[in-house]
Amino acid sequence: MSELFGIIGNPIAHSLSPLLQNEAYQLNEIDAYFQAFHVEHEDVETAIKGMKAIGIKGFMVTVPYKAKVIPFLDEVDAIALKKGAVNIVQLIDGKYVGYNFDGEAWLQGLLEDMNRQSLHEESILILGAGGAALSIYHTLSQYGELRIDIANRTIERANALKEVGGDHKYTNVLSLEEAESMQYQYDVIVQTTSIGMWPDIDQSPIHITKLKKDAFVSDIIYNPAETKILKQARQNGARTQNGMKMLALQNALSIEKWTGRKVNYQQMMASLHKALS
Ligand code: ATR
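Treat the numbers as computed from the prediction; the structure is a model and nothing was measured.

## Re the nonpolar core
Within the largest apolar cluster, 53 residues are counted, with the highest numbers of intra-cluster contacts made by Trp106, Leu119 and Leu140. Each of domain 1 (3-100 + 245-276) and domain 2 (103-242) accounts for three or more of the residues forming this core. Those residues in contact with Leu140 that sit more than four places away from it in its chain are Trp106, Leu107, Leu119, Ile124, Ile126, Leu146 and Ile148. The next biggest cluster of nonpolar side chains, apart from the first, holds 18 residues, and it includes Leu174, Ala179, Ile208 and Val217.

## Describing the pairing of strand β2 (residues 32-38)
Where strand β1 (residues 3-9) lies against β2, 7 bridges are found, and the strand directions are parallel. Residue Gly9 lies in a different strand from β2, and its bridge partner there is His38. Taken together, β1, helix α1 (residues 17-27) and β2 form a β-α-β motif whose crossover is right-handed.

## Some thoughts on the site of the ligand
In the vicinity of the ligand, the contacting residues are Gly128, Ala129, Gly130, Gly131, Ala132, Asn152, Arg153, Thr154, Arg157, Thr193, Ser194 and Ile195. In the environment of the ligand, an oxygen atom lies 3.1 Å from a nitrogen or oxygen atom belonging to the backbone of Gly131. Between the ligand and the protein, one listed contact pairs an oxygen atom with a backbone N or O atom of Ala132 at 3.2 Å. Protein chains bury 67% of the 640 Å² of accessible surface belonging to the ligand in isolation. Counted by class, the shell around the ligand contains 3 nonpolar, 7 polar and 2 charged residues.

## Let's talk about the environment of Leu140
Mapping Leu140 onto the fold places it in helix α5 (residues 131-140). Taking the relative accessible area as the measure of exposure, Leu140 reaches 0% and is therefore buried. In sequence terms Leu140 and Glu104 are 36 residues apart; their C-alpha atoms lie 8.9 Å from each other.

## A look at the packing of α1 against helix α9 (residues 244-259)
Contact geometry for α1 and α9: axes closest at 10 Å, N-to-C directions at 50°. As summarised for this structure, α1 and α9 are arranged oblique, according to the angle between their axes. The hand of the α1/α9 crossing is right-handed. Within the contact between the two elements, α1 uses Ser17, Leu20, Gln21, Ala24 and Tyr25 and α9 uses Leu247, Asn251, Ser254, Ile255 and Trp258. Of the residues in the contact of α1 with α9, the class split is 6 nonpolar, 4 polar and no charged.

## Quick word on the side chain of Asp149
Inspection of the secondary structure puts Asp149 in strand β8 (residues 147-151). Engagement of the side chain of Asp149 in a polar contact is seen with the side chain of Arg147, the distance being 2.9 Å. Not counting residues within four places of it along the chain, the set of residues in contact with Asp149 comprises Ile124, Leu125, Ile126, Tyr170, Thr171, Asn172, Leu174 and Tyr186.

## Some words on the sheet that holds β2
The mixed open sheet is built from 6 strands, whose spatial order is β2-β1-β3-β5-β6-β4. Both edges of this open sheet fall to β2 and β4 (75-76), since each of them pairs with a single strand only. Along the sheet, α1 makes contact with β1, β2 and β3 (58-61), crossing β2 at roughly 170°.

## Some remarks on the packing of aromatic side chains
On inspection of all chains with the given rule, the structure shows 5 aromatic pairs. When the centroid spacing of 5.1 Å and the interplanar angle of 85° are considered together, the rings of Phe59 and Tyr96 count as edge-to-face. With a gap of 37 residues between them, Phe59 in strand β3 and Tyr96 in strand β6 (residues 95-99) connect regions that are remote in the sequence. Here Phe59 falls in the buried class, since its relative accessible area comes to 0%. A residue is classified by how much of its surface remains accessible, and Tyr96, at 1% relative accessible area, is buried. Over the ring of Tyr99 we find Lys257, and its NZ or CZ is 4.2 Å from the ring centre.

Criteria and thresholds
Residues numbered from 1 in each chain as written. Predicted model: local features only at pLDDT ≥ 70, side-chain atom pairs only at ≥ 80, totals over all residues. Heavy atoms only, no water. Core = buried A, V, L, I, M, F, W, Y, C linked by side-chain atoms within 4.5 Å. Buried < 20%, exposed > 50% of the residue type's maximum accessible area, 1.4 Å probe, protein only. Domains from an automatic or database assignment. Contact = heavy atoms within 4.5 Å. Pairing = 2+ DSSP bridges. Helix = DSSP H or I, 4+ residues; strand = E, 2+ residues; numbered from the N terminus. Right-handed = clockwise from strand over helix to strand, strands pointing away. Near = heavy atom within 4 Å. Polar contact = N/O pair within 3.5 Å; in protein donor to acceptor, adjacent residues only side chain to side chain. Areas by Shrake-Rupley, 256 points an atom, 1.4 Å probe, with all protein chains shown as cover. Nonpolar A, V, L, I, M, F, W, Y, C, P; charged D, E, K, R; others polar. Axes fitted to C-alpha atoms, helices over the stretch in contact; angles between N-to-C directions. Parallel < 35°, antiparallel > 145°, perpendicular 65-115°, else oblique. Left-handed = near helix turned anticlockwise from the far one by under 90°. Phe/Tyr/Trp six-rings, centres within 6.5 Å; stacked < 30°, edge-to-face > 60°. Lys NZ or Arg CZ within 6 Å of the ring centre and 35° of its normal.

Interpretation note: all reported values are geometric properties and have no functional meaning in isolation.
Take a look at the structure:
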C-alpha cells in the first residue's frame with residue numbers, strides 16, 4: 001500500500017510542497033503520495049489525531065501552526081522545543097515526533113551558494129525577529145565566534161529573540177534604520193520578514209546602498225524570485241540567494257527523514273523555477 005504524507009497550514013492552497021514531493025516520489029520510485037491539508041485553527045488537534053488514525057507516517061507544518069502543533073504532538077525534539085516551532089513531524093513507534101529544520105536548511109543552502117564548508121568570524125545581520133528568524137539565529141549560534149546582529153521593526157521582539165535563541169555572545173539588537181546605516185559592516189545579510197513578497201514587490205525592509213565588499217545577501221522569500229532587496233544587493237555588487245533552495249532542502253530533508261531516501265533537491269529547484277515563472 002502506498003504511504004501518505006502531507007502538509008498542514010492555513011492558507012495552504014498555494015503550497016508548492018505537493019508538487020515538489022510528488023515529483024520527487026515519482027523520480028525516485030518512492031511508493032507514496034503527498035497531500036496538502038487546509039486545517040482551521042480550532043481543528044488542529046483533531047486533524048493530528050485523524051492523521052495518526054489513518055496511518056500518516058509524516059507531515060510538514062507551515063504557517064500559522066508551527067508553534068501551535070507542539071502541545072498536540074507526542075514528543076518534540078530538544079532543538080525544536082527551544083525554537084518553539086516544529087516544521088516536520090515523523091511517526092516513530094506510534095508517536096508523532098516534531099522537529100525543526102528551517103535554520104539547518106537555510107544554512108546548508110547558504111554555505112553551498114557561498115562555496116564554503118562553514119562560517120568563521122563573519123558578521124551577520126538578520127532582518128526580522130519572527131519564527132524563521134529565530135530558527136536561523138539559533139542555527140547560526142552554534143558558531144560561537146560569529147557576530148549575529150538582529151534588526152526588527154519592533155525592538156522588543158528582537159530582544160526576546162536574542163534571549164530565547166540562546167543569548168549569543170556577540171549580538172546587537174538594532175532598529176531597521178540603524179541596520180540600514182550599518183549595512184556596510186556585514187558579510188552576510190539574511191532577510192526573514194514577509195516584506196517584498198508577492199504582491200507587495202516594491203517593498204523592502206532596508207534600502208541597500210553601500211554593502212561590504214564580497215557581501216552575500218540571502219532572502220528567504222522565493223516569490224518573486226528576486227525581491228527588491230536582492231535586486232538592490234545585486235546592483236551593489238553582492239552575491240545573492242532567494243528562498244527556493246531553502247524550500248527545496250526542507251522538502252528533501254523531510255523525505256529523507258520519513259523514507260530514509262536521499263533525493264536530489266536540484267530537481268526540486270528546477271520544478272520551482274518552472275512553477276514560479
Ligand atoms: P515568520 O514566523 O514567518 O517569521 P512572523 O513571526 O509573523 O512570521 O514574523 C514576521 C516578521 O516580519 C517580524 O519580524 C515582523 O516585524 P515585527 O516583529 O515588528 O512585527 C516583520 N514584518 C512583517 N511585516 C512588516 C512590515 N510591514 N514592516 C516591518 N516589519 C515587518
